[in-house]
Structure formats: C-alpha cells, structure tokens
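Listed here are the chains, written in short residue letters.
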Amino acid sequence: MMQEQALLFDNFVETPSTEGIKYIGSKLKLIPYILELSKKTGAKSVFDGFSGSTRVSQAFAKAGYRVVSNDISEWSKIFGTCYLRNLGNLWEYQSLIDHLNSLPPEDGWFTKNYGGDVKAGECDNAIQSDGTKKPWQKKNTRKLDAIRKEIDALSLDEISKSVALTSLILALDEVDSTIGHFVSYLKNWSLRSFKDLRLKVPQLWRNEVDNTVLHGDVFDSLSDIDTDLAYYDPPYGSNNEKMPPSRVRYASYYHLWTTICRNDEPPLFGRAFRREDTSDKVAVSVFEEFRRNACGKFIVVDAIDRLLKKTPCEWILLSYSSGGRATAKELNEVIRDNGELVDTLAIEYKRNVMATMKWTNEWLPEVEKPNREFLFLLQK
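Residues numbered from 1 in each chain as written. Predicted model: local features only at pLDDT ≥ 70, side-chain atom pairs only at ≥ 80, totals over all residues. Heavy atoms only, no water.

(A) Inspection of the overall build of the protein at higher detail. The number of helices and strands found in the protein is 14 helices and 13 strands. The 380 residues of the protein split such that 55% are buried. For the protein, restricting intrachain contacts to residue pairs at least 6 apart in sequence, the fraction spanning at least 24 positions comes to 75%. Total accessible area on the protein is roughly 17100 Å²; 49% of this is exposed by carbon and sulfur atoms. (Helix = DSSP H or I, 4+ residues; strand = E, 2+ residues; numbered from the N terminus. Buried < 20%, exposed > 50% of the residue type's maximum accessible area, 1.4 Å probe, protein only. Contact = heavy atoms within 4.5 Å. Areas by Shrake-Rupley, 256 points an atom, 1.4 Å probe, with all protein chains shown as cover.)

What follows is the structure, encoded as structure tokens:
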C-alpha cells in the first residue's frame, strides 16, 4: 500500500491563472502538479505537444518557461497565438473588442445552421421551439455572423486577429446550449444560452520571451523544437469497449471552433451539422485509435512509444488518465523502456489526494480506481 498525501490543489504550488473553453480532458486541475514536477528538472523551456485549449502552455509561459506549443487543431493555434505571442497590453485591444461588440446583428451562415428559436414569453428551461437542437439562440448567432464577417474585413495582423477570434470563442462558450462539445446539443435551452453574447479582451499578458506556436501533427513538429522538457497529454481514446473508437474524435467535438476560425462555410452532415472533414472516416488521429495493430499491440501505445523515442528533449512529462486503463499494462512497458522514471504522481480528483510512486509497477493497481490522473517524469 503506497503512502498518500492529502494536498489541496490551490496550496500545492503557486499556480498562474489561465483561461480557456469547456474542454473534455482538460488538465486545469493538474497544472499545480505539472509545474511542481517540471521544477525538479531545472528546465527553462518546454514543448507542449498536445496543447488543446492551451491552459498548460499558458501556465508554463506565466511561470517563466520559454514555450513551444503545438496542436493539430486550428483553434488551438489561434489560442496559442493569442496568449503566448502577445506583446501588447490589454488596453491596446479594448477598442477592437468595443467595435466588434457594437456591430448590429445580421442573419448569415452561422444563424442558418446553428441558431435556434425561442418562443415569445419562454425563458428558463424552455424546449427549443423548432423541433431541432441548436448550440446557440439566434440572437447570439446573429451577433456571431456580424462579428465574424467584420474580423476578416478589418485585415488585422496575425496576433490581433487571434485575440479577436479567441475573444469571440470564449464569449460563445459562455452562451452555448451544449454539454461542452458540438457532437450533440441540449433538448432544452440552457440557462446560459439566454445571456447576450458579449466579447471581452482575453486575460493577456506581455510575453517577455520568444514563445513559438506550431500547428500540425506532433511527429512533424519534433524537428522544429529545441527545449529541455516535453509535456505530453495525448487523447488516448475511450476505455468504453461498447463505444466504437471512431466516436472519440476531438476534431468532431470542436468542429465549430474550427469553422469559426476558418470562416469557410464547409459542407455539413448529420443532426449536429458537423463539418464533413470531421467525419469518422476522415478525422482520424493515431492517438485516438483504440484498436490493436497486426502485432496485437494497442495502436495508441505504439504511437506513444515512437513519440517518446523520437523526442529530442532530456526530460519528458507524460499525462495519463484512468479513463484509458485498458492500455495501462502496455503503457507501463513503454515508460520503462524509454528512460529513467524519476517520479510518478497519482492524483485523485474527488478527494484532492496525491500519491508518490518510484517504480512503474506501483501505479498499475491504482489505474483500476476511477478519477485517477497520472504524471510520469522521465529522464532520457
């Protein structure tokens, strides 16, 4: 039985504030532990290979690291550019945000496809009146249509455009009628969907180091990094054997953020009006694949093995969730074969408890328990 230490997240280490959208698999609560383990390495620079909503990248940057952020999602690149490459002050963007908020609403492509009606006199907990389920009320998609059109018309520089798009996405996330993704929508309007869409300047800071934001497959990005530490949080796929692996696709979950960034009015399909290029047959990531290969090895574990071997950093910090426990035994072998395990943390969210382990086989019994997150610190 390993010794457990009760640690309050907020008191574990001084943690910089971060900002982001509702995100499946968010590592917000892990950030204190990620920073604490990273301090042990003495690293000054970090590669965040699966940056997602960029909360971890933001925390690293605010903690003084030079950050190279990477993700295959276009909206993640927008977030990264907004937060990690900003050299201005908040007040410098206020006039831009005020201008976008002042635009009169208009009917456009987003309203046609993603705006729902509310019957006169209806309010809290009202059923969507047209018999379909939509992520936003029309009053807010009309603002979205006007604002998104204007962002392109203004011919902004890359960072300013990323600030505007990030502000728009954050505002939309505050008034949606979803459970946190865009694969399906709520039957009844959420309480927050009745609020009016209003943009705010994101919680920016002046970056004093030259951070880098990459957009692409993590294997392709490895040749462009020169950092002391790599932090990896691959999606891993679902451990639900009754759910087809193709149902776990981040490109599908957040397809609307991609469309808002591109403003490309793509062909759509299905009840959720997903982008065609996020269909299960097209949007496939090896890190979301839960099948086995011809040799009988889980494809995702084989990919992690290759990733650890190819990473040109002295230190690697790897996240793993008990939600992927079917691959745990093979992942344990991969960790053992790719460096010296310096430290392992197992965090139980519900009790705010942390356990420290020194050997790879110690964590395997803990995987069978729910709500466990693991951090492995390796030195290559």
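This is not the end of the story, as more comes after the structure.
(B) Structural view of the pairing of strand S13 (residues 372-379). Along S13, 7 of the 8 residues are buried, which leaves the element largely enclosed by surrounding structure. Here 8 bridges tie strand S11 (residues 340-348) to S13, and the two strands are oriented antiparallel to one another. Following the sheet pairing, Ala346 is matched in S13 by Phe374. (Pairing = 2+ DSSP bridges.)

(C) How the structure looks around the pattern of salt bridges. What the rule picks out here adds up to 23 salt bridges. Salt-bridge contacts for Glu373 lead to Lys27; the nearest nitrogen and oxygen are separated by 4.0 Å. Here Glu373 is found in strand S13, whereas its partner Lys27 is found in the loop between helix H1 (9-12) and helix H2 (31-39), with 346 residues between them in sequence. Note on Glu373: relative accessible area 8%, which makes it buried. (Salt bridge = Lys/Arg side-chain N within 4 Å of Asp/Glu carboxyl O.)

(D) A look at helix H7 (residues 138-153). In a regular helix each residue adds 1.5 Å, so 16 residues correspond to 22 Å; H7 covers 23 Å between its end C-alpha atoms and thus fits that length. Among the residues of H7, those classed as buried are Asn140, Thr141, Lys143, Leu144, Asp145, Ala146, Ile147, Arg148 and Ile151. Buried residues along H7 sit in contact with helix H5 (91-101), helix H6 (109-114), strand S4 (115-116), strand S5 (136-137), helix H8 (158-173) and helix H11 (255-262). Downstream of H7 by a residue or two, Ser155 has a phi angle that is positive, lying close to 50°. (Expected span 1.5 Å × (residues − 1).)

(E) Spatial organisation of the side chain of Arg148. Position of Arg148 among the secondary structure elements: in helix H7. Polar side-chain contacts of Arg148 include one of 2.9 Å to the side chain of Asp152. At 2.4 Å, the side chain of Arg148 forms a polar contact with the backbone oxygen of Ile260. The contact partners of Arg148, leaving out residues within four places of it in the chain, are Phe110, Lys161, Leu165, Leu168, Ile260, Cys261, Arg262 and Asn263. (Polar contact = N/O pair within 3.5 Å; in protein donor to acceptor, adjacent residues only side chain to side chain.)

(F) Summary view of the packing of aromatic side chains. Applying the stated rule across the entire model yields 19 aromatic pairs. Considering the side-chain rings of Tyr23 and Trp75, the 5.8 Å spacing of their centres and the 70° angle between planes classify their relative orientation as edge-to-face. Of this pair, Tyr23 sits in the loop between H1 and H2 while Trp75 sits in helix H4 (residues 74-84), placing them 52 residues apart in sequence. A relative accessible area of 21% places Tyr23 in the partly exposed class. Exposure remark for Trp75: the relative accessible area of 2% places this residue in the buried category. The interplanar angle of 85° and the centroid separation of 4.9 Å between the aromatic rings of Phe182 and Trp257 together place this pair among those described as edge-to-face. Of the two residues, Phe182 sits in the loop between H8 and strand S6 (212-215) while Trp257 sits in helix H11, which places them 75 residues apart along the sequence. A relative accessible area of 3% places Phe182 in the buried class. A relative accessible area of 1% places Trp257 in the buried class. An aromatic cluster is built from Tyr23, Trp75, Phe79, Tyr83, Trp205, Tyr253 and Tyr254, whose rings are joined through pairwise contacts. (Phe/Tyr/Trp six-rings, centres within 6.5 Å; stacked < 30°, edge-to-face > 60°.)

(G) Summary view of H4. Extensive coverage of H4 is indicated by the burial of 9 of its 11 residues. Among the residues making up H4, those that are buried are Trp75, Ser76, Ile78, Phe79, Gly80, Thr81, Cys82, Tyr83 and Leu84. Turning to H4, the residues buried within the fold contact helix H3 (55-62), strand S3 (66-71), H8, S6 and H11.

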